[in-house]
Amino acid sequence: EGRWNVGTNANIHPAKLVFLIRPTFPDVSRPFFFSSAYRPPTTPRTTPKPTAAAMSSDADAAALDAAKALKRKEIEEKVAAMQAEQQKKEDFKNAHFGTHEGITCDGCGCMPIIGYRYRCKICANHDICETCHERWDGGNGSMANGLAKQSISLEAKDHDFFIHKEKGFKPLVKQVGPTAKSEKKLKPNDPCGCGSGKKVKKCCGEGK
């Protein structure tokens, strides 16, 4: 024990010496207070660098996410284009739907044609109604000449119809798109819209 006694002129800190010799001499006594100024050295923490495999995996995941986002955007654009085209067709049909005054169906003889009016591209002045157009079935059905005022082929394949309307035709669907907001109706006790500050019943609405 005296062998490890440390003098005042020693170059090593007494607390460090105790720390070093205690594993070898576990029964050694500590003749002095363990100084709090000394702490055993610690290894600094270091963040592990990503490996090449991990970096490659992250790059592949990012590329996959980008591809999915691009595909999603492409699908959304196609859906929007289809919806716009469908709305365009619907607006076109709405603009041709109504009562075609003075027009007689050459197929069944009804007058006027109500709904859609179809005209043949091949025959001169050949008009039919929706019902006869369904019977024609794109050239695969049948063709009638109920009006019998002109010579018309009864072969369905000899005709080609398209939706038609005369200039100045007024469709039943007057407004295509969002419905216009109706003006608010004033009540008798509401302030008058003329700006007089009076109630409607005492001003412009008096006697109504």
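Just so it is clear, the model here is predicted, and its values are computed rather than measured.

Peer 1: Explain the overall build of the chain to me, using residue names and the numbers behind them.
Peer 2: Looking only at helices and strands, the chain has 3 helices and 5 strands in total. The linear arrangement of helices and strands in the chain, starting from the amino end, is α-α-β-β-β-β-α-β. The proportion of buried residues among the 208 residues of the chain is 20%. Here the chain has roughly 16,500 Å² of accessible surface; of this, 54% comes from carbon and sulfur atoms.

Peer 1: Break down the confidence of the model for the chain for me, with residues and values.
Peer 2: Scored by pLDDT, the chain has a mean of 79; 71% of the residues are at 70 or more. Between the elements of the chain, mean pLDDT differs from a low of 64, seen in helix α1 (residues 14-21), to a high of 96, seen in strand β4 (residues 127-128). The low-confidence segment residues 1-6, where pLDDT is below 50, has 5 contacts with residues more than four positions distant or belonging to other chains. Every residue in residues 29-37 is under pLDDT 50, and counting partners more than four places away or in other chains gives 9 contacts.

Peer 1: Which residues make up the side chain of Asp127, and what values go with them?
Peer 2: With respect to the element layout, Asp127 can be found in strand β4. A distance of 3.2 Å separates polar atoms of two side chains, one belonging to Asp127 and the other to Arg117. Polar side-chain contacts of Asp127 include one of 3.0 Å to the side chain of Arg119. Residue contacts for Asp127: discarding those within four places in its chain leaves Ile103, Thr104, Cys105, Asp106, Gly107, Ile113, Arg117, Tyr118 and Arg119.

Peer 1: Help me get a handle on the packing of aromatic side chains, residues and values and all.
Peer 2: What the rule picks out here adds up to 2 aromatic pairs. Between Phe97 and Tyr116, the ring centres sit 5.1 Å apart and the planes meet at 70 degrees, which makes this aromatic pair edge-to-face. You can see Phe97 sitting in the loop between α2 (52-95) and β1 (98-100) and its partner Tyr116 sitting in the loop between β2 (113-115) and β3 (117-120), a full 19 residues away along the chain.

Peer 1: I'd like a rundown of the pattern of salt bridges, residues and numbers included.
Peer 2: Considering all chains together, one arrives at 4 salt bridges under this definition. For Lys78, the salt bridge goes to Glu74, with nearest N and O atoms at 3.6 Å. Here Lys78 pairs with Glu74, and both are found in helix α2, just 4 residues apart, close to one helical turn. The partner of Arg117 in a salt bridge is Glu166, with the nearest N and O atoms 3.1 Å apart. Here Arg117, found in strand β3, pairs with Glu166, found in the segment after β5 (161-164); they are 49 residues apart in sequence, far enough to count as distant. One salt-bridge network, in which partners are shared between bridges, spans Arg117, Arg119, Asp127 and Glu166.

Calculation criteria
Residues numbered from 1 in each chain as written. Predicted model: local features only at pLDDT ≥ 70, side-chain atom pairs only at ≥ 80, totals over all residues. Heavy atoms only, no water. Helix = DSSP H or I, 4+ residues; strand = E, 2+ residues; numbered from the N terminus. Buried < 20%, exposed > 50% of the residue type's maximum accessible area, 1.4 Å probe, protein only. Areas by Shrake-Rupley, 256 points an atom, 1.4 Å probe, with all protein chains shown as cover. pLDDT = per-residue confidence, 0-100. Contact = heavy atoms within 4.5 Å. Polar contact = N/O pair within 3.5 Å; in protein donor to acceptor, adjacent residues only side chain to side chain. Phe/Tyr/Trp six-rings, centres within 6.5 Å; stacked < 30°, edge-to-face > 60°. Salt bridge = Lys/Arg side-chain N within 4 Å of Asp/Glu carboxyl O.

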